[in-house]
Amino acid sequence: MSLLFTGLFSGFLLCVLVLETSLRGFDGSVYTQVRVVELDSLDKLAAVTLIPAFVATVVVAVRSRGSARRMVLAAVALLVVVFVTTIVVNLPINSDQLSWSVQQPPSDWASVRDRWQLAHLVRTVAAVVAFGVLLSEQVVGDRVGLVVVEAGRGVGHRQ
C-alpha cells in the first residue's frame, strides 16, 4: 500500500506541476481561473493519496529491519518534507487564492504564483524521490529474498 499510494501521490503532483508550468505563459486572469478550478477538488485528491501514503510508509518502516528500514525511513522523511511544505506554504496560499477575483487578480499574483510553484516543485521532487526510494527498496528486497531462497536450496537440489 505504501508503494501504491506514494506512486499515486507522486504522479498527481507531477501532473499538477506540468499544468502549473503550462500556466506560466498566461496572464493573471487565466491563472486565477485555473487555480479556482484546481482548488475545487485537487486538495481532496492530495489528502486521500498523501495521508494513506504517509501512514502506510510509517507502518512499513516500523515493520522493516536493517538497511530496508533506513531506506523506508528516508522515504518517511521525504514525505514529512511534503507535509511541512504543504502546510507552511501551499495551503495558506490556496486559502488566499479562493478569494481572488478572476476579473481582477491581485497586483502581486505573479509573485504569489511563483512562491506556490516553487514550494510545489520542492514537494513534488520530495514525493518522487520517496517513491523511487520505496520502489528501489522493494526491488532490492525482492532480489535479496530470491538470492536467499536460491542459496537455501543448495547444490544438487531437485524440485
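**Considerations on helix α3 (residues 66-97)**
With 32 residues, α3 extends 45 Å between its outermost C-alpha atoms, agreeing within 8% with the 46 Å of an ideal straight helix rising 1.5 Å per residue. If you check which residues of α3 are buried, you get Ala 68, Val 72, Ala 75, Val 76, Leu 79, Val 82, Thr 85, Thr 86, Asn 90, Ile 93, Asn 94 and Gln 97.

**What to know about the confidence of the model for the protein chain**
Looking at the protein chain, pLDDT values average 90 and 88% of them are 70 or higher. Looking over the protein chain, one finds the lowest element-wise mean pLDDT in helix α4 (residues 109-153), namely 82, and the highest in helix α1 (residues 2-23), namely 97. Note that pLDDT drops below 50 for residues 144-151; the model gives that stretch 0 contacts with residues more than four away or on any other chain.

**Some remarks on the layout of surface pockets**
A water-sized probe rolled over the atoms picks out the places where empty space is left. In this model, the largest pocket occupies a volume close to 290 Å³. Surrounding the largest pocket, 22 residues form its lining, Asp 43, Ala 46, Thr 86, Leu 91 and Arg 123 being those nearest its centre. Of all the elements in the fold, those that place two or more residues in the lining of the largest pocket are α1, α2 (28-63), α3 and α4. Considering only residue class, the lining of the largest pocket consists of 14 nonpolar, 4 polar and 4 charged.

**Topic: a nonpolar patch on the surface**
A surface patch of nonpolar side chains, about 460 Å² in accessible area, is lined by Val 81, Leu 118, Leu 121, Val 122, Val 125 and Val 129. Here the element with the most residues in the nonpolar patch is α4; it accounts for 5 residues. Positionally, Val 81 belongs in helix α3. Accessibility expressed as a relative area gives 34% for Val 81, which makes it partly exposed.

**Examining the nonpolar core**
Counting 24 residues, the largest nonpolar core has Phe 9, Phe 12 and Val 82 as its most contacted members. If you list the elements that add at least two residues to this core, you get α1, α2, α3 and α4. Tallying contributions element by element places α4 first for this core, with 8 residues. Filtering out sequence-adjacent residues up to four positions away, Phe 12 remains in contact with Leu 42, Leu 45 and Ala 46.

**Overview of the environment of Arg 65**
Mapping Arg 65 onto the fold places it in the loop between α2 and α3. Side-chain polar atoms of Arg 65 contact the backbone oxygen of Val 62, separated by 3.2 Å.

**Things to note about the environment of Ile 93**
For Ile 93, the position within the fold is in helix α3. The sequence separation of Ile 93 and Val 112 amounts to 19 residues, and the corresponding C-alpha distance is 7.4 Å. Residues within four places of Ile 93 in sequence aside, it is in contact with Val 112, Arg 115 and Trp 116.

**Focus: the packing of α2 against α3**
At a closest axis distance of 10 Å, the pairing of α2 and α3 adopts a crossing angle of 155°. Classified by the angle between their axes, α2 and α3 sit roughly antiparallel to one another. Where α2 crosses over α3, the handedness of that crossing is left-handed. Grouping the amino acids of the contact of α2 with α3 by side-chain chemistry returns 20 nonpolar, 3 polar and 3 charged.

Reading the values: the criteria
Residues numbered from 1 in each chain as written. Predicted model: local features only at pLDDT ≥ 70, side-chain atom pairs only at ≥ 80, totals over all residues. Heavy atoms only, no water. Helix = DSSP H or I, 4+ residues; strand = E, 2+ residues; numbered from the N terminus. Expected span 1.5 Å × (residues − 1). Buried < 20%, exposed > 50% of the residue type's maximum accessible area, 1.4 Å probe, protein only. pLDDT = per-residue confidence, 0-100. Contact = heavy atoms within 4.5 Å. 1 Å grid on protein atoms, 1.4 Å probe; cavity = no way out; pocket = protein on both sides within 12 Å on 5 of 7 lines; lining within 4 Å. Points joined across faces, edges and corners; volume = space filled by probe spheres on them. Nonpolar A, V, L, I, M, F, W, Y, C, P; charged D, E, K, R; others polar. Patch = residues over 30% accessible without salt bridge, like charges linked within 9 Å, V, L, I, M, F, W, Y side chains within 5 Å. Areas by Shrake-Rupley, 256 points an atom, 1.4 Å probe, with all protein chains shown as cover. Salt bridge = Lys/Arg side-chain N within 4 Å of Asp/Glu carboxyl O. Core = buried A, V, L, I, M, F, W, Y, C linked by side-chain atoms within 4.5 Å. Polar contact = N/O pair within 3.5 Å; in protein donor to acceptor, adjacent residues only side chain to side chain. Axes fitted to C-alpha atoms, helices over the stretch in contact; angles between N-to-C directions. Parallel < 35°, antiparallel > 145°, perpendicular 65-115°, else oblique. Left-handed = near helix turned anticlockwise from the far one by under 90°.

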